[in-house]
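Each chain, letter by letter, is given below.
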Amino acid sequence: MERSGRSILRGVFHQLDLPLLLLFLTLVFLGWINIYAAVYDPETKRSIFDLTINSGKQFVWICCALVIGLFILILDVKLYVKFAYIGYAVAIATLVAVLLFGREIAGSKSWFDLGFMRFQPSELAKMATVLALAKFLGDNNTKLMRPGNLTIVLLLIGIPTVLTLLQGDTGSALVFTSLSIMLYREGLPGQILVLGPLAGALLILTLLFKAYIWELMLGIAGCGLIYMLLFSRRKWKEAVKTGLFTALAIGIVFSVDFFFYKMLKPHQQKRIEVLINPDIDAKGIGWQVNQSKIAIGSGGFMGKGFLEGTQTKFNFVPDQSTDFIFCTIAEERGWIGSLFLITLFVVLLNRLLIIAERQKSRFSRVYAYGALSILFFHFTVNIGMTIGLFPVIGIPLPFFSYGGSSLWSFTLLLFILLKLDMHRKMQITGSFS
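All of the points below concern the structure found in this document. (Residues numbered from 1 in each chain as written. Predicted model: local features only at pLDDT ≥ 70, side-chain atom pairs only at ≥ 80, totals over all residues. Heavy atoms only, no water.)

### Description of the packing of helix 6 (residues 121-138) against helix 20 (residues 404-422)
The N-to-C vectors of helix 6 and helix 20 enclose an angle of 20 degrees; their axes lie 8 Å apart at closest approach. Judged by the inter-axis angle, helix 6 sits roughly parallel to helix 20. On helix 20, the residues touching Glu123, Leu124, Met127 and Leu131 of helix 6 are Ser405, Ser406, Ser409, Leu412, Leu413 and Ile416. In terms of residue class, the contact of helix 6 with helix 20 is built from six nonpolar, three polar and one charged. (Axes fitted to C-alpha atoms, helices over the stretch in contact; angles between N-to-C directions. Helix = DSSP H or I, 4+ residues; strand = E, 2+ residues; numbered from the N terminus. Parallel < 35°, antiparallel > 145°, perpendicular 65-115°, else oblique. Contact = heavy atoms within 4.5 Å. Nonpolar A, V, L, I, M, F, W, Y, C, P; charged D, E, K, R; others polar.)

In structure tokens:
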């Protein structure tokens, strides 16, 4: 019986990627410790396991996440392929349900209140969307850039994006757009990939130089014309592309006022204004980012020490155990601790890239790049918004920010990849043997 049990365990965990598992456990543990630091009260000195504070609740979510991870590794790998579309349909149904029956929190109707916890369907919808995309692109080696296939892919991404936007959760909606990184690996032209960042940069640039909008449009038109004359005049396809990109850029600049004042909500407008000019409304909408930067800067090179952060202890930064958890790390651990954290995430992303490229099945490769895209977006935008490089859009830092929904979502994302990777040598194109 003992030998039989060991053989079963060896079968379940055969070829498990230990570096990725260790990175996951390390990040989760460090996140838990820093959540405790963010909520620690020197007067009460409650235990890290106290269920009345966030660190105690997070410990429960972590235990549940480990059980979820183990369950995923035990399940038959074929189930993730077979039920990909069903999972996607369920995710879409929950996104619709939360619009009808969800609880509104901070202007966003994106939560189910279950009493003992709040559940955010958009977190699980990210993973379900990646699985559905992997299934569609993995079946029969679907060619992405065929118009019909590209339309289906855009619909698979667009439906949860629109439903999440309708909930008022702009941050989660933007996460779905990060899947363009995965699509680039599968054949999406690089010019299309950069459209989003360029549009955002043009928006900020136009708002900065609003008084010179006509000069800006003339400058863009001039640059496009020069490029066409120098590099595209003998290649009509390149000339057409350059002309279209130039016209699109001018269109974005011309429509900034409509987008900014008609499509964005007042608090979203304020966040972008604060990004452009951090000094406006310093005691209002700009308070969070300004206090965040003060906390990060006050940590210096080595930090103030564990549980010694004054900005943290006096609650100067709102949401410090959730979206602004990076402030706690930077204040208490300083530049060294921040560098260590960023290095851990870079190592994690690099490991995901290695795992993605060694897959034999397109399903697994697409899924791996989808997981990489989502984690990269969360990591980059979360830290960027805490230091004032991006507007505040409510993006949690993976494995660090307090919350069961986000932790379970990232756990599912990684452990499904671990399971797929364990069977990489058994894979054939588009399916599993």
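Having seen the model, we can carry on.
### Thoughts on the sheet that holds strand 3 (residues 118-119)
Read from one edge of the open sheet, three strands run 1-2-3, paired in antiparallel fashion. Because the sheet does not close on itself, it has two edges, and the strands there are strand 1 (103-105) and strand 3. Two strands pair when backbone bridges link them, and strand 2 (residues 108-113) and strand 3 are joined in this way by two bridges, in the antiparallel orientation. Bridge pairing links Phe112 to Phe119 in strand 3. In the packing of helix 5 (residues 84-101) onto the sheet, the strands contacted are strand 1 and strand 2, and the crossing angle to strand 2 comes to about 95 degrees. (Pairing = 2+ DSSP bridges.)

### A few points about helix 18 (residues 325-357)
With 33 residues, helix 18 extends only 32 Å from end C-alpha to end C-alpha; this falls clearly short of the ideal 48 Å at 1.5 Å per step. Of all the bends in helix 18, the greatest measures close to 130 degrees and is centred on Gly334. (Expected span 1.5 Å × (residues − 1). Bend = angle between axes of the 7 residues up to and from the residue.)

### Things to note about the packing of aromatic side chains
This model, assessed by the stated rule, comprises 13 aromatic pairs. Ring geometry for Phe29 and Trp32: centres 6.3 Å apart, planes at 65 degrees, overall edge-to-face. Here Phe29 and its partner Trp32 are both found in helix 2 (residues 18-39), three residues apart, which amounts to about one turn of the helix. Here Trp32 falls in the buried class, since its relative accessible area comes to 9%. Where Phe301 meets Trp335, the ring centres are 5.6 Å apart and the plane angle is 15 degrees; that geometry is what we call stacked. With Phe301 in the loop between helix 16 (287-298) and helix 17 (310-313) and Trp335 in helix 18, this pair connects stretches of sequence that are 34 residues apart. Members of the aromatic cluster, each reached through a chain of ring pairs, are Phe24, Phe399, Phe410 and Phe415. (Phe/Tyr/Trp six-rings, centres within 6.5 Å; stacked < 30°, edge-to-face > 60°. Buried < 20%, exposed > 50% of the residue type's maximum accessible area, 1.4 Å probe, protein only.)

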